Amino acid sequence: MRRMGLVGEGSNALTTYLSATSRLLEDPVSNIYVGNSAAGKSYTMLAAMRLIPDEEKIVRQRFSAQAIMYTPLEFEHKVVVILERTGAEAGAYNIRTIQSEKDVVIEVTHRDTSGNFGTAEFRKKGPTAFITSTVNPDIDAQDLSRAFVLHPDESEAQTEAILDSQLEEYDFPSAELELWHDAQRCLARVPVAVPGRLGKAILHFMKARARPLPPRLRRDWRHIMALIQASALLHQYQRPPSETGKILPDLRDYYIARVIAREVFDQSVLRAADPKVRELAGAVRLLYSQAGSSIKADVITSHLRWGKTTVYGHLRAAQEAGLVQEDPTAHYAYMPTLSPKAGHLGIVSDAGLLPTVDEIITFDPELGEGFAVIDPLTGEEMEDLPDEGKK
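Predicted, not measured: the structure shown is a model, and the values here were computed from it. Residue numbering note: each chain is counted from 1, following its sequence as written. Selection of residues for local features in this predicted model requires a pLDDT of at least 70, selection of side-chain atom pairs for listing and counting requires 80 or more, and totals for whole chains, interfaces and linings are taken over all residues. Just so you know, side-chain values use all the structure's heavy atoms and leave hydrogens and water out.

This part is about the packing of aromatic side chains. Only Phe, Tyr and Trp rings are paired, with Trp represented by its six-membered ring, and only when their centres lie within 6.5 Å; those with planes under 30 degrees apart are stacked, over 60 edge-to-face, the remainder tilted. For the coordinates displayed, the defined rule picks out six aromatic pairs. Geometrically, a charge over a ring is one whose NZ (Lys) or CZ (Arg) sits within 6 Å of the ring centre while staying within 35 degrees of the ring normal. A cation sits over an aromatic face here: Lys 276 above Trp 306, 4.1 Å from the ring centre.

Listed below in structure tokens is the structure:
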């Protein structure tokens, strides 16, 4: 994707590519990109989607309230890209139902040729992976729990790298792009086993790092499992099926999913791990220490030079994470949380919630037998005991 002109954003782009591949699973992964205007949300999203053939994706700017139900397009095992989340708000209920139930049915009234009223049933079958983006961090909790939230790199270094890249020319031959499309077309919808033994090893470490266990972990754990399964599905010709006919994910698939989505997973489970939430909480602490009293939202906005929508959205996230609290004696005034909720600060080891491959092999040595994998970000071949926690 670098040859398409994508600068940085390797983890986000590959998370989206693996999520798009998960459309072939029974429980695919959806993505919501959240970031400021011109942060590169759509560019990253569409760069990944260029590798998916047209017949496997549906790309739209907007869906009206019942367009999903009435369109002749099939959504089963497809990836649907809605460029801006506001374009899907009218049909949000149907989208959420397909995500959760893998199927949505509506019944509508109509008048027949005789003028009598009757009803007609419309059904849209999933499962379906949905990919979208928004500038508003205040996402409905029901949508938030159904997707991985991806944050583009908005650092000054990334801006500088993008400016430099605009002086270069990029060429990704259509013939090579077609090879990527053919690779996706070759994928069969074969069943992929739940990585039970591997999953137990992962949970052994993860439960110890996130106490008390956040409720969001219930869905995000399924998402990380789906990425592991999607990796196994993507490598189905290198993963012979088991006696049951199912592909068995192994440590190589976990390594790929972890390298790609470790930060995404931490930020999704622990809202306080979101770098912009931490930046806002740090600003509130600084301003509070200087003023000696709670800080109005407009002062925070001026200090951070963010838009009001962004500030209020991240203030709510910081409150949920237990980093900031509203002053009960003043309207729209905030202060650092004096007694943070245990387990909600997002303070985990540098390795994050997901254990390293080293830790898993130490816990269950047989899982590491014959381990060798290509690192999805660097392209390097990794063997023996890679310490990807240092990445």
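Once you've had a look at it, read on.
A word on helix H10 (residues 251-269). Here H10 is 19 residues long, yet its end C-alpha atoms lie only 22 Å apart, well below the 27 Å a rise of 1.5 Å per residue gives. Considering bend angle alone, the principal kink of H10 is centred on Ala 261 and spans about 65 degrees. For every residue, the accessible area obtained with a 1.4 Å probe (protein chains only) is divided by the maximum for its type, and the residue is called buried under 20%, exposed over 50%, and partly exposed between those limits. Labels follow the DSSP assignment, with helices taken as runs of H or I lasting at least four residues and strands as runs of E lasting at least two, numbered in each case from the N terminus. Of all 19 residues in H10, 17 are buried, a share of seventy percent or more. To estimate the expected span of a helix, count its residues, drop one, and scale the result by 1.5 Å. Two axes define the bend at a residue: one fitted to the seven residues ending there, one fitted to the seven starting there, and the bend is the angle between them.

Next up on the list: the layout of surface pockets. By volume, the largest pocket amounts to about 910 Å³. When residues in the lining of the largest pocket are grouped by element, the largest group, five residues, is from helix H1 (residues 10-21). Put simply, Ala, Val, Leu, Ile, Met, Phe, Trp, Tyr, Cys and Pro go in the nonpolar bin, Asp, Glu, Lys and Arg in the charged bin, and everything else, Gly too, in the polar bin. Of the residues that constitute the lining of the largest pocket, the class distribution is 20 nonpolar, seven polar and seven charged. Using only the protein atoms, space was sampled on a 1 Å grid; points where a 1.4 Å probe fits but cannot get out form cavities, open sets with protein on both sides within 12 Å along at least five of seven lines form pockets, and lining residues are those with an atom within 4 Å of a point. Grid points are joined across faces, edges and corners, and a volume is the space filled by probe spheres set on the points. Roughly 540 Å³ of internal volume is contained in the second largest pocket. Lining the second largest pocket are 20 residues; nearest its centre among them are His 151, Pro 152, Asp 153, Glu 154 and Glu 263. Elements with a minimum of two residues in the lining of the second largest pocket: H1, helix H6 (156-165), H10 and helix H11 (275-291). A per-class count over the lining of the second largest pocket returns five nonpolar, eight polar and seven charged.

This part is about the sheet that holds strand E3 (residues 78-82). The sheet built from five strands is open, its strands ordered E2-E3-E6-E1-E7 with parallel pairing. Every interior strand has two partners, whereas the edge strands, strand E2 (57-60) and strand E7 (148-150), have only one. Neighbour to neighbour, the strand axes of the sheet diverge by 15 degrees on average, direction disregarded. Two strands form a pair only when DSSP identifies at least two bridges running between them. Here an angle of 0 to 180 degrees is reported between the N-to-C directions of two axes, which are lines fitted to C-alpha atoms, with helices fitted over the stretch in contact.

Packed helices, taken two at a time, are described by the angle their axes make and the gap between the axes. Look at H1 against helix H2 (residues 41-49): their axes get within 8 Å of each other, and the N-to-C directions meet at 45 degrees. In terms of orientation, H1 lies oblique with respect to H2. Considering only the axes of H1 and H2, their crossing is right-handed. Contact with H1, carried on its side by Asn 12, Ala 13, Thr 16, Tyr 17 and Ala 20, involves Thr 44, Met 45, Ala 48 and Met 49 of H2 and no other residues of that element. Should an angle lie under 35 degrees it is considered roughly parallel, over 145 roughly antiparallel, and from 65 to 115 roughly perpendicular; all remaining angles are considered oblique. Left-handed is the label given to a crossing in which the near helix is rotated counterclockwise from the far helix by less than a right angle, and right-handed is the label when the rotation is clockwise. Residue contacts are defined here by distance: any two heavy atoms, one from each residue, within 4.5 Å place the two residues in contact.

The peptide bond linking Gly 126 to Pro 127 adopts the cis configuration, its omega dihedral lying at 0 degrees. When you line up the elements, Pro 127 lands in the loop between strand E5 (117-125) and strand E6 (128-134). Residue Glu 9 is not a glycine yet carries a positive backbone phi of 55 degrees. Inspection of the secondary structure assignment puts Glu 9 in the segment before H1. If you check the backbone angles, His 77 has positive phi at about 60 degrees while not being a glycine. The topology assignment puts His 77 in the loop between helix H3 (67-70) and E3. On the basis of relative accessible area, His 77 is assigned to the buried category, the value being 5%.

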